[in-house]
Amino acid sequence: MPVEQDLIAEILSKSKTIAVVGLSSKTSRPSYGVSAYMQAHGYRIIPVNPREAGNMILGEHCYPDLIAAAAEHRIDIVDCFRNAADIPPVVEEAIQMAAPYLWMQSGIINTEAAARAEAAGTKVVMDRCIKIEHLYRV
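An account of the accompanying structure is given in this report. What you see is a predicted model, and the numbers here were worked out from it, not measured in a lab.

Focus: the environment of Asp76
Now for step 1: Inspection of the secondary structure puts Asp76 in the loop between α3 (66–72) and β5 (77–80).
Now for step 2: Between the alpha carbons of Asp76 and Ala19 there is a distance of 7.8 Å; along the sequence they are 57 residues apart.
Now for step 3: Of note is the side chain of Asp76, whose polar atom sits 2.7 Å from the backbone nitrogen of Lys16.

Section: the sheet that holds β5
Now for step 1: An order of β2-β1-β5-β6-β7 is seen for the five strands of this open sheet, with the pairing classed as parallel. Only two strands of the sheet have a single partner each, and these edge strands are β2 (44–48) and β7 (123–125). Pairwise comparison of adjacent strand axes, ignoring direction, gives a mean angle of 20 degrees for this sheet.
Now for step 2: As judged from the five bridges shared by strand β1 (residues 17–21) and β2, these two strands associate in the parallel manner. Counterpart to Thr17 in the pairing with β2 is Arg44.

A few points about the pattern of salt bridges
Now for step 1: Enumeration over the complete set of coordinates arrives at seven salt bridges.
Now for step 2: With a shortest N-O distance of 2.7 Å, Glu60 and Arg44 are connected by a salt bridge. In this pair, Glu60 sits in strand β4 (residues 60–61) while Arg44 sits in strand β2, placing the two residues 16 residues apart along the sequence.
Now for step 3: The exposure class of Arg44 is partly exposed, given its relative accessible area of 37%.

Description of the side chain of His134
Now for step 1: By secondary structure assignment, the location of His134 is in helix α6 (residues 130–137).
Now for step 2: Setting aside residues no more than four positions away along its own chain, His134 makes contact with Leu12, Tyr37, Met38, His41 and Tyr43.

Re unusual backbone geometry
Now for step 1: Within the chain, Ala98 stands out as a residue other than glycine whose phi angle is a positive 60 degrees.
Now for step 2: Note on placement: Ala98 falls in the loop between α4 (87–96) and β6 (101–104).
Now for step 3: Classification of Ala98 by relative accessible area gives exposed; the value is 59%.
Now for step 4: If you check the backbone angles, Asp127 has positive phi at about 60 degrees while not being a glycine.
Now for step 5: Tracing the chain through its elements places Asp127 in the loop between β7 and α6.

A few points about helix α5 (residues 111–119)
Each α-helix winds once per 3.6 residues, and so residues spaced three or four apart point in a common direction.
Now for step 1: When α5 is considered as a whole, its buried residues turn out to be Ala113, Ala114 and Ala117. Buried residues of α5 fall within an arc of 100 degrees about the axis and therefore sit on the same side. Exposed side chains of α5 directed beyond 90 degrees from the buried face belong to Glu112 and Ala119.
Now for step 2: Looking at the buried side of α5, the elements it contacts are α4, β6 and β7.
Now for step 3: Following α5 by one or two positions, Gly121 has its phi on the positive side, about 100 degrees.

Remarks on the packing of α4 against α5
Now for step 1: Following both chains from N to C, one finds α4 and α5 inclined at 5 degrees, their axes separated by 9 Å at the closest point. Relative to α5, the element α4 lies roughly parallel. For the pair formed by α4 and α5, the contact residues are Ile87, Pro88, Val91, Glu92 and Ile95 on the first element and Ala113, Arg116 and Ala117 on the second.

The rules behind each value
- Residues numbered from 1 in each chain as written.
- Predicted model: local features only at pLDDT ≥ 70, side-chain atom pairs only at ≥ 80, totals over all residues.
- Heavy atoms only, no water.
- Helix = DSSP H or I, 4+ residues; strand = E, 2+ residues; numbered from the N terminus.
- Polar contact = N/O pair within 3.5 Å; in protein donor to acceptor, adjacent residues only side chain to side chain.
- Pairing = 2+ DSSP bridges.
- Axes fitted to C-alpha atoms, helices over the stretch in contact; angles between N-to-C directions.
- Salt bridge = Lys/Arg side-chain N within 4 Å of Asp/Glu carboxyl O.
- Buried < 20%, exposed > 50% of the residue type's maximum accessible area, 1.4 Å probe, protein only.
- Contact = heavy atoms within 4.5 Å.
- Arc of directions from axis to C-beta.
- Parallel < 35°, antiparallel > 145°, perpendicular 65-115°, else oblique.

Written as structure tokens, this is what we have:
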């Protein structure tokens with residue numbers, strides 16, 4: 001099994017709580033569908049979206065940023081639904097809160113930000129859908 005597949009298996013088996021950066025309250029958005037699926041499969045979803053802060057998404061309070069979310073929850077995975085150019089500030093917050101895992105969804109590639117996260121001890125998956133990876137393992 002390739003190293004990345006080992007890492008994905010580790011992440012999915014060891015994690016319980018996923019902070020979803022860019023989670024939308026719009027049910028038609030991929031971030032909502034993926035998060036609803038992961039929630040239905042036993043993961044706690046913590047919404048992070050400054051435009052939705054204070055609202056409830058999937059029955060959970062939405063936070064303006066990762067730091068605010070991490071102040072109230074132990075977060076295992078930071079799952080990013082943001083443009084690649086918007087990833088560096090997310091990585092800095094993930095490092096500040098000592099997130100064990102950073103996951104960039106399908107189509108999101110930022111090698112510099114990934115290297116920065118890995119140098120700080122955060123394991124990274126890039127350009128993969130967490131829902132699809134979970135489906136392969138159920």
